[in-house]
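# Fold and contact review
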Amino acid sequence: MVTSSTAERVVISTDPCATSRLGRALGEVAQAGDLLCLWGDLGAGKTHLAKAIGAGLGVTETIISPSFILMAEYEGRLPLFHIDPYRLLSAEDALAGGLIDERQSEGVTLVEWPERLGDALPIHRLDVRIDGTGDLPRKIRLLAWGDRYGRFLEAAP
């Protein structure tokens, strides 16, 4: 049986700039092998946060949602693997499509719509759960699954 310690921190983001500050802080403390999962409804700001995490990793390319290509790779301080399985029907599709592979251990993997990966989603990860859409403030819950992810909670502004 796999067990994992869990820690949580809640951040209230009052505007896109505050969300960007959070994302940059997360990217700055990211290490090789990290898995960050962005949860939230359409319009919650997952891609906005992904861009800021990339900026914190030193990515200079424009980060876009990889909905149609499923995974985009970016160069920064560490490679960023940005995965969006929204259009997949199951975790089996993700595995068959090569979305999860050994190269990701050398970089940071960022997943939008992680629920599409189902049982293929590793237990040790950072979940970033964004509640809110439109112009409303966001309640962002950071859940560190496993001791190695606690540094993200400490880094959050």
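For the structure itself, consult the block above.
Cut-offs used in this document
- Residues numbered from 1 in each chain as written.
- Predicted model: local features only at pLDDT ≥ 70, side-chain atom pairs only at ≥ 80, totals over all residues.
- Heavy atoms only, no water.
- 1 Å grid on protein atoms, 1.4 Å probe; cavity = no way out; pocket = protein on both sides within 12 Å on 5 of 7 lines; lining within 4 Å.
- Points joined across faces, edges and corners; volume = space filled by probe spheres on them.
- Nonpolar A, V, L, I, M, F, W, Y, C, P; charged D, E, K, R; others polar.
- Buried < 20%, exposed > 50% of the residue type's maximum accessible area, 1.4 Å probe, protein only.
- Helix = DSSP H or I, 4+ residues; strand = E, 2+ residues; numbered from the N terminus.
- Pairing = 2+ DSSP bridges.
- Axes fitted to C-alpha atoms, helices over the stretch in contact; angles between N-to-C directions.

## Here's the deal with the layout of surface pockets
Considering only enclosed or pocket space, the second largest pocket measures out at about 170 Å³ in volume. Of the residues contributing to the lining of the second largest pocket, the split by class is 4 nonpolar, 6 polar and 3 charged.

## Some points on the pairing of strand β6 (residues 125-131)
Within a regular strand, the side chains alternate between the two sheet faces. Of all the 7 residues making up β6, 5 are buried; the element is thus mostly covered by neighbouring parts of the structure. As defined by bridge partners, strand β2 (residues 35-39) adjoins β6 across 4 bridges and the pair is classed as parallel. In the sheet register, Leu36 faces β6, and the bridge partner there is Leu126. Bridging between β6 and strand β7 (residues 138-145) involves 7 bridges; their strand directions are antiparallel. Bridging from a neighbouring strand, Asp127 pairs with Leu143 of β7. What sits between the antiparallel neighbours β6 and β7 is a turn of 6 residues, in which Gly132 has the positive phi angle 125 degrees.

## Structural notes on the sheet that holds strand β1 (residues 6-13)
Within the open sheet, the 7 strands sit side by side as β1-β7-β6-β2-β5-β4-β3. Their pairing is mixed. At either end of the open sheet lies a strand with only one pairing partner, and these are β1 and β3 (71-74). Each neighbouring strand pair of the sheet contributes to a mean axis angle of 15 degrees, computed without reference to strand direction. Both β3 and strand β4 (residues 80-83) contribute to a ladder of 4 bridges, which runs antiparallel.

Keep in mind that these numbers describe shape and distance, not what the molecule does.
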